[in-house]
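If you want the building blocks of each chain, they are given just below.
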Amino acid sequence: MPEESGATDDSAQDRFIGPLPREGSGGCTNDYVSQSYSYSSVLSKSETGYVGLVNQAMTCYLNSLLQTLFMTPEFRNALYKWEFEESEEDPVMSIPYQLQRLFVLLQTSKKRAIETTDVTRSFGWDSSEAWQQHDVQELCRVMFDALEQKWKQTEQADLINQLYQGKLKDYVRCLECGYEGWRIDTYLDIPLVIRPYGSNQAFASVEEALHAFIQPEILDGPNQYFCERCKKKCDARKGLRFLHFPYLLTLQLKRFDFDYTTMHRIKLNDRMTFPEELDMSVFIDVEDEKSPQTESCTDSGAENEGSCHSDQMSNDFSNDDGVDEGICLESNSAAERISKGGSEKSSLLYELFSVMVHSGSAAGGHYYACIKSFSDDQWYSFNDQHVSKITQEDIKKTYGGSSGSRGYYSSAFASSTNAYMLIYRLKDPTRNAKFLEAHEYPEHIKQLVQKERELEEQEKRQREIERNTCKIKLFCMHPTKQIMMENKLEVHKDRTLKEAVEIAYKLMDLEEAVPLDCCRLVKYDEFHDYLERSYEGEEDTPMGLLLGGVKSTYMFDLLLETRRPDQIFQCYKPGEVMVKVHVVDLKTESVAPPISVRAYLNQTVLEFKQLISKATHLPAETMRVVLERCYNDLRLLNVSNKTLKAEGFFRSNKVFIESSESLDRHVAYTDSHLWKLLDRHANTIRLYVSLPEQSPGSQFRRAVYQKSSGDSGNLDEACERVKGPVGNMKSVEAILEESTEKLKSLSLQQQQEGDNGDSSKSTEASDFENIESPLNEIDSSASAENRELENQIQISDPENLQSEERSDSDVNNDRSTSSVDSDILSSSHSSDTLCNVDSAPLPLANGLDSHSITSSRRSKANQGKKETWDTAEEDSGTDSEYDESGKSRGEAQYMYFKSEPYSADEGSGEGQKWLMVHVDKRITLSAFKQHLEPFVGVPSSHFKVFRVYASNQEFESVRLNETLSSFSDDNKITIRLGRALKKGEYRVKVYQLLVNEPEPCKFLLDAVFAKGMTVRQSKEELLPQLREQCGLDLTIDRFRLRKKTWKNPGTVFLDYHIYEEDINISSNWEVFLEILDGIEKMKSMSQLAVLSRRWRPSEMKLDSFQEVVLESSSVEELREKLSEISGIPLENIEFAKGRGTFPCDISILEIHQDLDWNPKVSTLNVWPLYICDDGAVIFYRDKTEELMELTDEQRNELMKKESSRLQKTGHRVTYSPRKEKALKIYLDGAPNKDLTQD
């Protein structure tokens, strides 16, 4: 927002008037936010000597009012005289006490701005209130009410009335007999209309608006007044008269209005001038014409109410106790009034001292205050934390409006920054007070000033400490637990390194683990796991010097390094690089845990070998060094005079060394045993496989193998190298193989029975998988010590090149194919699409199945060639485990597979057996399953592999030609018995469509559809399954299958459609089964089936769905069909398309006006309808039918019912915008939370 400035001030800051340019959060709305401030700026007081208030978020309206009250001498002095009794009330919840504290801080603080959180806490507000913007005039009234309640029975009990309250008379005078009825009202502010109702021109000035405020209106015609004296309706004059002006006069300019054309709130930005001095005497002599009759006043029996002749006043007002505190403008007789008129008028001159400005619109904006100090008559802008000097010219800029003429549209183009509330003080030397000086403070205020100064000094000292404290990340490998611990080290910059070590030692809780003298701090790079340098001989150096000063963030970390008492610390010099050296033993095919060695980048490979030789005691002459630069990038360092930098060494490196006398040294590196071993090492992952309870392993005792944290680098000592799919087995594996045949024959027999009947009975999970969920990996320090296996690899074979997202299914092709509503994933499943061990359904992301059928079946008919994202031959979930020649696809390049029995953690299931498998992740799923055959006891085609994700969610892996590259170390796998899919088969989930039920989508069963099968053949296979599993005894012509997109019914599949030719089918596919009431009406792809529903406005109800089958996309045909089924004359039919997800629920209170009724189109497939496929929802009505008129009770009852109904179905209840929260100040603490409300 542009700055506005005065003409004479020196500094840009002092010249500012209006909202400052916004830099950050903490504003009043998204458009008007308070300027962020730095920690240093808030500490330095403004040059004006005044202190600002921090905007909590949207509390600028509060800040403006508080600053105005603070700058009012009479209010501030009276507040200081009130004494808080701590024994009677909690100081935190005392509004007057917190205002006292705030005013003391505003007067004495050395900060630029102070917080208002203590004040708002005393209001009973929580942090959410800071994000609610309110009207400053509303706050003024609510806060004054709260203060009056708190000040009852104190000296300040009537303070608000004495300062701010005025009185006026609301009268009605009969124009025939002069009889007058009246009522006396009090006011705290005078609301002035900016623009009269129905007018296109605003009032030019405050004076003009005040005259309009007291201008009487004539009650005539149908608005005649019933005169008590005339005993009939007569013409009358109704108006207001000011009786008493307050000492502090508040004028509210009513800039917020309601536009009945747009039905929105608007802000009137019209120009309205206001004087620096306002003479209110002109508003007291407005007299009605004298009536010819004169009668004494009659008492109406109510206080401040009565009826009298125009020249006589009620005694009620003249006897009011509070009159002498203000300016009484009328007395008991006209004669007295005339005699005192001159002196009364002379005392009604007011001077302006506060202008509260609003910048923005009716939807929100920013408040700030322009206030004149009575100490020096200087104007200041109090804009949240910013206080600056301004001039009278700047005040004039808040008049509003534009430079052009004041027409109807002038407000729309005017400045949005203008005055909203004006406060004037009566110019009366006898009453005008000055601010109390420090020596005049009451004793309790002097004590409060001293207390707040001490707190501020303490806070300042704390900030000084914070400003000189180094905060840096601290790491430590626990010497006994062997886990890396992390914390934040906070140490003063003047503390020495020795003292910092003591602090870190206690912070990491190492007192019982290692002596203090066995610890030291070293410079560390956690990202690269690199020790940059140690600090020998610098124990007495200040930490600020070592760390390079106090900074908000450091580019390095600290490591608290430990040693055993018999060891000595290694010296780490800057410029060194860290190398983790793994020794490889070709005989045992083992890779040892790493040894850390430090080297220099300018060292040669020969010098580096000599360095490693000293550390490992291996001969350098026969040493081969292999650098792993990145995942699976193994580089042999064979140029002796080349530097490490030239070879690609960095801060932290990993090398493998081998130094035997074997002939392998003379073989080409890529053909050597060393390269193959390292290549295998880099690509081997460890998996935990849960075997089914029926597996032969459960009949035999298995040796329990628990991975040791000691010397287990030789994987072959406990594992076997399988040469082929059913390679040579040893020990436990041999026992398992011998016991396979019985279960194999049993499983085959059961499977054959299942194939002839319900293939889905053995289906324990669908093709849902590859929804990326991070697995909570098993913590195994041994894995890190024995080997470092990376689980990402680039394979040159493009057929096997799959990203992690595509490894288990084709969800990445279209994420929506696995989008299933969470309420569908319930106990009604006959299969475990999401096999959650904890029986908790998994909510999946909603989406649309865009390639179950690639496009509308109408466009499909014109396609000459099938297009689909999945092909059964290449990468769908239907790959066969064997190709046409019968050769196993698993017999490929990567055959590394080792297995051993494993004892799983407790709670994994009693009697459940596990295998720990080390396998090359480049192996295909097909080959992996064949390796598992001996342990499962059945052929690989008769069991399924499920990958276990976080929270025990399981997803079936079905893409047999894909590798295990998406698997990671310590992933868990569950094996379940059941027929795996054959080539060309897809697992399909079948849901029943119930269009007129509250829940229209009900899961029935899992089925298997095959490529080339017709829809009728699939229906024939479904019949016995529906009968046995679901109790549905149907005939083939009494139900249909149709496309399912999320919950929406789509294309109707015709019996002659062929899967993969006419209907695109994929893994994780879902279809609707719809039971028909009669014969199938859909015979051709040119037809269109829509679901219609009649709306009856006279009854406020919706009929049930009826299907309408159209021969074309003509709107006229749709109207004819709707007329035919409803009996409504064709010319009276109006229709609208439903919105959202089927069944397109909408509140019956909104349907009549919220839908787009009767769109002006001739065909259904154009905007705004876009009905191109079956299943669209059409609402229709009779346009001659009148909407039922509801009473408030009926409407409220309907609203409750509709709210309950739509909440159950998950549809929104109302389209209305967020309602504003009422402004309240809670005198007895925070409000009770209503648990029934959001």
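For every chain, the first residue of the written sequence is number 1, and numbering continues from 1 along that sequence. In keeping with the predicted nature of the model, local features appear solely for residues at pLDDT of at least 70, side-chain atom pairs appear and are counted solely at 80 or more, and the whole-chain, interface and lining totals rest on all residues. Note: side-chain values were computed over all heavy atoms of the structure, leaving out hydrogens and water.

### Section: the overall build of the protein chain
The criterion, for reference: A run of H or I in DSSP becomes a helix once it reaches four residues, and a run of E becomes a strand once it reaches two; helices and strands are each numbered from the N terminus. Each residue is placed in one exposure class: buried if its accessible area under a 1.4 Å probe, protein chains only, is under 20% of its type's maximum, exposed if it is over 50%, and partly exposed if it falls in between. Accessible areas in this description were obtained via Shrake-Rupley with a 1.4 Å probe; residue shielding takes into account the shown protein chains only.
The helix and strand inventory of the protein chain stands at 24 helices and 49 strands. Across the 1238 residues of the protein chain, 52% fall into the buried class. For the protein chain, the exposed surface amounts to about 58300 Å²; the carbon and sulfur share of it is 47%.

### Observations concerning the packing of aromatic side chains
The condition that has to hold: What counts as a ring pair is set by centres within 6.5 Å for rings of Phe, Tyr and Trp (its six-membered ring), and what kind of pair is set by the plane angle: stacked under 30 degrees, edge-to-face over 60, tilted for all other angles. To sit over a ring, a charge needs its Lys NZ or Arg CZ within 6 Å of the ring centre and within 35 degrees of the ring normal.
Applying the stated criterion to the full structure yields 29 aromatic pairs. Ring plane angle 80° and centroid distance 6.0 Å describe the contact between Y1059 and W1069, whose orientation is recorded as edge-to-face. Placement of the pair is Y1059 in the loop between β44 (1048–1053) and β45 (1069–1075) and W1069 in strand β45, with a sequence separation of 10 residues. Classification of W1069 as buried rests on a relative accessible area of 0%. Grouping aromatic residues by their ring pairs yields a cluster made of F70, F75, F103 and W151. Lying across the ring of F943, K929 places its NZ or CZ 5.2 Å from the centre.

### Notes on the sheet that holds strand β25 (residues 484–492)
The condition that has to hold: If DSSP finds at least two bridges between two strands, the strands pair. Convention adopted: a line fitted to C-alpha atoms gives each axis, helices being fitted over their contacting stretch, and angles between N-to-C directions are expressed from 0 to 180 degrees. Residue contacts follow a heavy-atom distance rule, with two residues in contact if any of their heavy atoms lie within 4.5 Å.
Pairing in this open sheet of five strands is mixed, and the strands run β25-β24-β28-β26-β27 from one edge to the other. Lying at the two open borders of the sheet, with one neighbouring strand each, are β25 and β27 (530–534). Put simply, the sheet's adjacent strands are angled 40° from each other on average, direction ignored. Direction of pairing for strand β26 (residues 519–525) relative to β27: antiparallel, over a ladder of four bridges. Considered in β27, the bridge of K523 is made with R533. Packing of helix α12 (residues 497–507) onto the sheet brings it into contact with β24 (469–477), β25, β26 and β28 (557–562), and relative to β25 it is tilted by some 135°.

### As for the pattern of salt bridges
The following threshold applies: The working definition used for a salt bridge is a side-chain nitrogen of Lys or Arg within 4 Å of a carboxyl oxygen of Asp or Glu.
Scanning the model with the defined rule gives 60 salt bridges in all. The salt bridge partner of K169 is E180, with a shortest N-O separation of 3.1 Å. Placement of the pair is K169 in strand β5 (residues 166–174) and E180 in strand β6 (residues 180–187), with a sequence separation of 11 residues. Of the two residues, K169 and E180, both sit in the buried class. E536 serves as the salt-bridge partner of R520, at 2.9 Å between the closest nitrogen and oxygen. Of this pair, R520 sits in strand β26 while E536 sits in the loop between β27 and α13 (543–546), and the two are 16 residues apart along the sequence.

### Some remarks on a negative patch on the surface
Worth spelling out the cut-off: Only residues whose relative accessible area exceeds 30% and that form no salt bridge enter a patch; like-charged residues are grouped when within 9 Å of one another, and nonpolar side chains (Val, Leu, Ile, Met, Phe, Trp, Tyr) when within 5 Å. Neither His nor the chain ends contribute to the count of charged residues, in which Lys and Arg are positive and Asp and Glu negative. By convention, the charge on Lys lies at NZ, on Arg at CZ, on Asp at CG and on Glu at CD.
A surface patch of negative charge is lined by E499, E502, E539 and D540. Considering the arrangement of structural elements, one finds D540 in the loop between β27 and α13. Classification of D540 by relative accessible area gives exposed; the value is 63%.

### Focus on the nonpolar core
Rules: Here, nonpolar core means buried Ala, Val, Leu, Ile, Met, Phe, Trp, Tyr and Cys residues that are tied together by side-chain atoms lying within 4.5 Å of each other.
In this structure, F75, F245, F274, V355 and L422 are the most contacted members of the largest nonpolar core, which totals 104 residues. Among residues more than four places away in sequence, those in contact with F274 are V206, L352, V355, I395, T398, Y399, A419, L422 and Y424. Counting residues in each nonpolar core, the second largest holds 26 residues, with C470, L474, M508 and Y554 among its members.

### Notes on the packing of helix α2 (residues 73–81) against helix α3 (residues 95–108)
Spelled out, the test is: Convention used here: angles under 35 degrees read as roughly parallel, angles over 145 as roughly antiparallel, angles from 65 to 115 as roughly perpendicular, and any remaining angle as oblique. Should the near helix be turned anticlockwise from the far one by less than a right angle, the crossing is left-handed, and should it be turned clockwise, the crossing is right-handed.
It is the contact of α2 with α3, at a shortest axis distance of 10 Å, that shows an interaxial angle of 120°. With respect to α3, the axis of α2 lies oblique. The chirality of how α2 crosses α3 is left-handed. In contact with F75, R76, L79 and Y80 of α2, α3 contributes P96, L99, Q100, F103, V104 and Q107.

### Considerations on the confidence of the model for the protein chain
Our working definition: A residue's pLDDT is the confidence the predictor assigns to it, expressed on a 0 to 100 scale.
In this model, the protein chain carries a mean pLDDT of 75, and residues with pLDDT of at least 70 account for 71%. Within the model, the stretch residues 1–42 combines pLDDT values under 50 with 110 contacts to residues more than four positions away or in other chains. Considering only residues more than four positions removed or in separate chains, one finds that residues 1212–1219, a stretch of pLDDT under 50, has 11 contacts.

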